[in-house]
Amino acid sequence: MRVGGRSALVAISLGVLAWAAAAAQAKELTFWSHWAAELPKREFVEAVIKEFEAKNPGTTIKATWYEKTALYAGLKTALRAGQAPDIFYAEPDQAEYMDNGFLLDLSGLDWSKVEPWAKEAWTHKGKPYGLPLEAWTMELYYNTKMMEGLGVQVPDNRQMSPDAFMDMVKKAKAKGITPMALGVGDRPYPGAHLTHEALVKRLGTDDYDKLLRGKLPWTDPRVVDTLKWIRSLTEAGLLPNTFSTLKLAEAHVYFHTNPGALTFLNGSWYTSRAFNPVDKGGQPKDFPLGIMQFPAVPGAVCNECRTIAIGGSYVANAETKNRKEVLAFLGTFLSQEVGNRWLEKVQVQTGIKTDASKVKDTQAAAYFSMIEKTNAGAKYYFGIPIQVMTGKPKEVYIQVFNNAFPAGIISVEDAVKQQAAAY
Amino acid sequence: MTASVLKRTLLLLGLSLYTAFASGPFVWAAMMSLRTTTEIHRSHFALPFPAHWHKFPEAWFNSNYATYFGNSVQVVVTAVVILTVVGAMAAHCLARYRFRLNRVIYFVLFSTIIFPPQITIISLFQILVQYGLYNSKVGLTLVYVAIQLPLTIYILESFFARIPSDLFDAARMDGYSDWEIFWRVALPIALPAVATTIILNFILLWNEFLYAVVLITDEDNRTLPLGIQRFIGDTQEDVGMIATGLMIAIIPVVVVYAFFSEKLIQGMTAGAVK
Amino acid sequence: MGEAPAHRDDGLRKPWGTIVAFLLPAVTIYVALTAYPAVRTLWNSFHKVLPRRDEYVGLANYVELAGDEIFWKAVRNTIVWACTSPLVEVSVAMLLALALYAKVPGARFFRVAWFTPVLMSYVVVGILWLWIYNYDWGPVNAALRALGLGALAHPWLGDPATALPSLIFVTSWMWTGFNMVVLLAALHSLPREVIEAAELDNCGWGGKLVFVILPLTRATVLNLIVLSFIGKMKIFDLVWITTKGNPLWATETVSTYVYKRAFEWTTFDLGYPSTIATVWFVIVLTTVLAMTWAFRRREKLEF
């Protein structure tokens, strides 16, 4: 026994020594993130990094900021080559990361600080893999002054009827105003917002889910009817002529500055670009921003149905040599105080549990009360189609429903036929 | 008389129009590079008055252009040096010595010119990963040597083959070794052809994009074309700044071209002229 | 690929040591970084190549490829590109070369200026042309509007009907000067008397072109066409910078599709893209060989 006790003592002291040596040895975690141009988010994360480094002397974070396309291209090859950074940006549509075992199981984090549905978005085969920092809802932003100028009323429940919406499109068009800013120059989803927001209302969340997963045929008459309705809107001139090549950041500017559009269908992360300084692509000072719901859809079973999604999240490399530090870093995000800071600074929702009433900044508070109003009584579907689909259906969906269908270069019949054939 | 003058004028007019068409895009980009985005959006084709020269240092310092340039120089120069030596040795050997596999080797190397890059690029990715050369300048340099080697050998071989063999016999009489014959007789004579391949390889590799985009992800190892792509991605809708960034990439080429236009033209067309 | 020159050592003395020493570096590089990867791609094409595991699937990838409409669209686009662009480039280049051959003032300047685009990387060229085709303020639409043809203003790269032709136009813009320089050199190497004789025979411009110049520069012209064809069968950079294959796969080329399947799609599988590469390799090889053979039957072609 004595011998055992002694060896235990030796083991413990060795352990302590090893730990001390490890602590003394400076560690650098590599970190790749999107949001190079989205200053509020970037500054928020940089502040968290500083906080972490102050609390963990000897561990530093080497952050590289990218634009999304460059980041994704780099990550795909780096992961494949086993040279990915310790921590990186991802969104829940990247199921392939988990399927191929690239991500570290994050069960060790304090998940009680996270909204259950947000955890669910990142849960794969029972284990959570991503820290759901950003959450967003689909919103229809509009220019209130322009709307008044056209003599169009937004109803109290913030949702126009199909007829009223069509009427609005025609009135705007008659005055030479683009009714809705939207562009698919550099993203695989903005054009598709138009169809999925309509389909989730027409079908209700259950059937909509079946549709995305290939369990309900795309040739279903309800789908075809809804697409025809959208086609009638695009034919009335809903979208800019530059739709196919307009980039995401350009679409923002198109809406609020040059040439100015009546509405802008976008995730509630609109703020992260629009609330930048004006010379960095932000909206003009005193821009008359209003928010309404996506219009009611003819024959809809659930006009209160809408999309909520987890957006920007942080995940860890399964092959990281610094597990403990990585978990400690991600853990730094998990507190109500940090969550509230995100709300106040970035003005987008988050998957971290927060208390919006604690947001002190008056502009942010006013903005969140608008978001709350349009979301009152909403029934959510979690995720946008490209987060649910994989492989060929996803590729075809992007080509057809993000690009070709809204651009009016493919008929309703061909669109559903191509999508149906992809499953 | 007047008819022929008219014809000449028309011809010159046509040629000038084509010149505007061929170089117009660069001139336009050069004008925009000196203007701010706000000015550009006011009028896209106005002259750059006042000229905002400060945009150049701004673009240079706000991005990693210094790193990109350094990497490009390092990778391309090393690759071209290796290519020249290795290629000239092989070409000299194939042109000078007669042995059974000579034409087989020549033909195998030569036919690689028509290979579409896809046939090697995926496995090159795997191989470089295996040997720890992925995402490194060394790996990219080696790949660059490999992709330009066939064309280099092809151009040099045809030149070496034209050197009269009397020269070599005389050199052998003087007691030159095989290596000395290559290094001190063949190579100096072939200098114009060697210069041609150096120029050709330099330009093609300086502009290379596909292999770089697959084999490099690290910011610190990006070559210039990848760097420009990155710069554009980050700068978003700031057209004026992108134009400045483009000009930074274009200017060195234009300067070199202004001084050595004949050499450059000769080098670039070397594979096509026979 | 001429005859083996007569001056080569007669083969009595074969300094094998020297030969091996001279060839070894080149052959090593070739085997390690060209031949071996090519063979490995072939091996990949019969497998599912996932991170950390490979799985033999026999001909499954090939079967899938046969029914892959995106692949066939990409093949069609690439072939259209490779068949139209060389003709445009070489014929415009021939006209320009003839104009300069006729001794216009400033010929040297024109020649240098027209050659410039080839020296630029496709990344630079791609961005410039994205702007040129911009719907709102690009010079193409601006010119149309200025001419009162505003109705023809078009999102050139956004419409599947015009996207591919617009990109083909860019490559032609880029390479015409290059072809012109080569043709001009070929013209200058022609015997003066032949052309002067044709002039004396009172041959018109068209006649001179068809009966004298074309037959004499035939080898160069065919050579340029083959070179340009090979180049276009590889096209990647320009598409990647401008359209990434959009809209509706209208500008998808085989190169971009291979890249997407290998490094962008969610599958992470390197086997299927290797299959595409292998099949494409066979297609390119046979076409080029067939072209060379067909051209050479009528006249010995060197390239």
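Residues numbered from 1 in each chain as written. Chains lettered and ligands numbered in written order. Predicted model: local features only at pLDDT ≥ 70, side-chain atom pairs only at ≥ 80, totals over all residues. Heavy atoms only, no water.

### Here's the deal with the overall build of chain A
Next up, step 1: Assigned secondary structure in chain A consists of 17 helices and 13 strands.
Next up, step 2: Taken over C-alpha atoms, the radius of gyration comes to 24 Å for chain A, in line with the 22 Å a tight globule of 423 residues would show.
Next up, step 3: Taking the principal axes of the C-alpha coordinates as reference, chain A spans close to 90 × 50 × 35 Å.
Next up, step 4: Restricting to contacts in chain A with at least 6 residues of sequence separation, those with at least 24 account for 76%.
Next up, step 5: Of the roughly 16,600 Å² of accessible surface on chain A, a fraction of 54% belongs to carbon and sulfur atoms.
Next up, step 6: Taking the average location of the 48 positive side-chain charges in chain A and that of its 44 negative ones, the two points are 4 Å from each other. (Helix = DSSP H or I, 4+ residues; strand = E, 2+ residues; numbered from the N terminus. Rg over C-alpha atoms; globule rule 2.2 N^0.38 Å. Contact = heavy atoms within 4.5 Å. Areas by Shrake-Rupley, 256 points an atom, 1.4 Å probe, with all protein chains shown as cover. Lys, Arg positive; Asp, Glu negative; His and termini not counted. Charge placed at Lys NZ, Arg CZ, Asp CG, Glu CD.)

### Here we look at the sheet that holds strand S12 (residues 313-316) of chain A
Residue and element names in this part refer to chain A.
Next up, step 1: The mixed open sheet is built from five strands, whose spatial order is S2-S1-S3-S12-S6. The open sheet has two free edges, formed respectively by strand S2 (59-65) and strand S6 (130-131), since each of these has just one partner strand.
Next up, step 2: Pairing analysis gives four bridges linking strand S3 (residues 87-90) to S12, with the strands arranged antiparallel. Each bridged residue has a counterpart across the sheet, and for Ala 90 the counterpart in S12 is Ser 313.
Next up, step 3: Running at roughly 55° to strand S1 (residues 27-33), helix H12 (residues 323-332) makes contact with S1, S2, S3, S6 and S12 of the sheet. (Pairing = 2+ DSSP bridges. Axes fitted to C-alpha atoms, helices over the stretch in contact; angles between N-to-C directions.)

### Some points on the pairing of strand S2 (residues 53-56) of chain C
Residue and element names in this part refer to chain C.
Next up, step 1: Direction of pairing for strand S1 (residues 47-50) relative to S2: antiparallel, over a ladder of four bridges. Bridge assignment links Leu 50 to a residue of S2, and that residue is Arg 53.
Next up, step 2: The loop that links S1 with its antiparallel partner S2 comprises two residues; one of these, Arg 52, has a positive phi angle of about 70°.

### Here's the deal with the confidence of the model for chain A
Next up, step 1: Taken as a whole, chain A shows an average pLDDT of 90; of its residues, 94% reach a score of 70 or greater.
Next up, step 2: For chain A, helix H1 (residues 2-24) of chain A is the element with the lowest average pLDDT, namely 56, and helix H9 (residues 221-235) of chain A is the one with the highest, namely 97. (pLDDT = per-residue confidence, 0-100.)

### Re the domain arrangement of chain A
Residues and elements named next belong to chain A.
Next up, step 1: Here chain A is described as being made up of domain 1 (26-134 + 311-354) and domain 2 (138-308 + 380-422).
Next up, step 2: Computed over C-alpha atoms only, the centres of domain 1 and domain 2 are separated by 29 Å.
Next up, step 3: The partner domain 2 presents 16 residues to the 18 residues of domain 1 that form the contact.
Next up, step 4: Buried area between domain 1 and domain 2, summed over both chains or domains, comes out near 1,400 Å², and the portion from carbon and sulfur atoms is 52%.
Next up, step 5: The tally of links from domain 1 across to domain 2 stands at two salt bridges.
Next up, step 6: Of the charged contacts, one joins Arg 273 and Glu 38 as a salt bridge, the two residues approaching to 3.2 Å between their closest N and O atoms.
Next up, step 7: Seen at the junction of domain 1 and domain 2, the total is seven residue pairs in polar contact (both at pLDDT 80 or more).
Next up, step 8: Elements supplying a minimum of two residues to the side of domain 1 that touches domain 2: helix H2 (39-55) and helix H3 (68-80).
Next up, step 9: Among the elements that take part in the side of domain 1 that touches domain 2, H2 stands out by supplying three residues, more than any other.
Next up, step 10: The class makeup of the residues in the side of domain 1 that touches domain 2 is seven nonpolar, four polar and seven charged. (Domains from an automatic or database assignment. Buried area = accessible area lost by both parts, 1.4 Å probe. Salt bridge = Lys/Arg side-chain N within 4 Å of Asp/Glu carboxyl O. Polar contact = N/O pair within 3.5 Å; in protein donor to acceptor, adjacent residues only side chain to side chain. Nonpolar A, V, L, I, M, F, W, Y, C, P; charged D, E, K, R; others polar.)

### Remarks on the packing of aromatic side chains
Next up, step 1: If you walk through the whole model with that rule in mind, you get 73 aromatic pairs over all chains.
Next up, step 2: Plain terms: the ring middles of Trp 129 of chain C and Phe 169 of chain C are 6.0 Å apart, the flat faces sit at 70° to each other, and that makes the pair edge-to-face. A residue pair is termed long-range when its members are at least 10 positions apart, and Trp 129 of chain C in helix H5 (residues 122-132) and Phe 169 of chain C in helix H7 (residues 160-188) qualify at 40 residues.
Next up, step 3: Exposure remark for Trp 129 of chain C: the relative accessible area of 5% places this residue in the buried category.
Next up, step 4: On the basis of relative accessible area, Phe 169 of chain C is assigned to the partly exposed category, the value being 40%.
Next up, step 5: Positioned above the aromatic ring of Tyr 97 of chain B, the side-chain terminus of Arg 96 of chain B is 5.8 Å from the ring centre. (Phe/Tyr/Trp six-rings, centres within 6.5 Å; stacked < 30°, edge-to-face > 60°. Buried < 20%, exposed > 50% of the residue type's maximum accessible area, 1.4 Å probe, protein only. Lys NZ or Arg CZ within 6 Å of the ring centre and 35° of its normal.)

### A closer look at the environment of Val 76 of chain B
Residues and elements named next belong to chain B.
Next up, step 1: By the element assignment, Val 76 lies in helix H4 (residues 65-96).
Next up, step 2: Considering only alpha carbons, one finds Val 76 and Ile 203, 127 residues apart in sequence, at a separation of 9.0 Å.
Next up, step 3: What Val 76 contacts, discounting residues up to four positions off in sequence, is Phe 202, Leu 205 and Trp 206.

### A closer look at the pattern of salt bridges
Next up, step 1: Under the counting rule described, the total for this entry stands at 36 salt bridges over all chains.
Next up, step 2: For Glu 91 of chain A, the salt bridge identified is with Lys 68 of chain A, shortest N-O distance 2.8 Å. A residue pair is termed long-range when its members are at least 10 positions apart, and Glu 91 of chain A in the loop between S3 and helix H4 (95-99) and Lys 68 of chain A in helix H3 qualify at 23 residues. Assigned by exposure class, Glu 91 of chain A and Lys 68 of chain A land together as buried.
Next up, step 3: Put simply, Arg 103 of chain B and Glu 157 of chain B hold a salt bridge, and the shortest N to O gap is 3.0 Å. Of this pair, Arg 103 of chain B sits in helix H5 (residues 102-111) while Glu 157 of chain B sits in helix H7 (residues 137-160), and the two are 54 residues apart along the sequence.
Next up, step 4: One network of salt bridges, with partners in common, ties together Glu 38, Lys 41, Glu 134 and Arg 273 of chain A.

### Points about the interface of chain A and chain B
Next up, step 1: Contacts between the two partners involve 18 residues from chain A, matched on the other side by 13 residues from chain B.
Next up, step 2: When chain A packs against chain B, the two sides together hide about 1,300 Å² of surface, and 55% of this comes from carbon and sulfur.
Next up, step 3: Sorting the residues of chain A by area buried against chain B places Glu 67, Thr 77 and Gln 83 of chain A first, and these three jointly supply 29% of that buried surface.
Next up, step 4: Counting across the chain A and chain B interface gives one salt bridge.
Next up, step 5: In this structure, the salt-bridge partner of Lys 62 of chain A is Asp 220 of chain B, at a minimum N-O distance of 3.8 Å.
Next up, step 6: If you list the elements that add at least two residues to the side of chain A that touches chain B, you get S2, H3 and helix H10 (248-256) of chain A.

### Brief notes about the nonpolar core
Next up, step 1: Counting residues in each nonpolar core, the largest one holds 316 residues, and the members touching the most others are Tyr 314 and Phe 329 of chain A together with Trp 131 of chain C.
Next up, step 2: Per-element accounting of this core gives the leading share, 16 residues, to H4 of chain B.
Next up, step 3: Three or more residues apiece are contributed to this core by two domains, here domain 1 (26-134 + 311-354) and domain 2 (138-308 + 380-422) of chain A.
Next up, step 4: Of all hydrophobic cores here, the second largest spans 15 residues; its members include Tyr 141, Leu 246, Tyr 254 and Tyr 270 of chain A. (Core = buried A, V, L, I, M, F, W, Y, C linked by side-chain atoms within 4.5 Å.)

### Some thoughts on the state of the cysteines
Here a disulfide denotes one covalent bond, and it connects the sulfur atoms of two cysteines.
All names here are of chain A.
Next up, step 1: Counting across every chain of the model gives one disulfide over all chains.
Next up, step 2: Paired through a disulfide, Cys 302 and Cys 305 show a sulfur-sulfur distance of 1.8 Å. On the sign convention where negative is left-handed, the bridge of Cys 302 and Cys 305, at about 85° about the S-S bond, is right-handed. Residue Cys 302 shares its accessibility class with Cys 305, and that shared class is buried. (Disulfide = S-S within 2.5 Å.)

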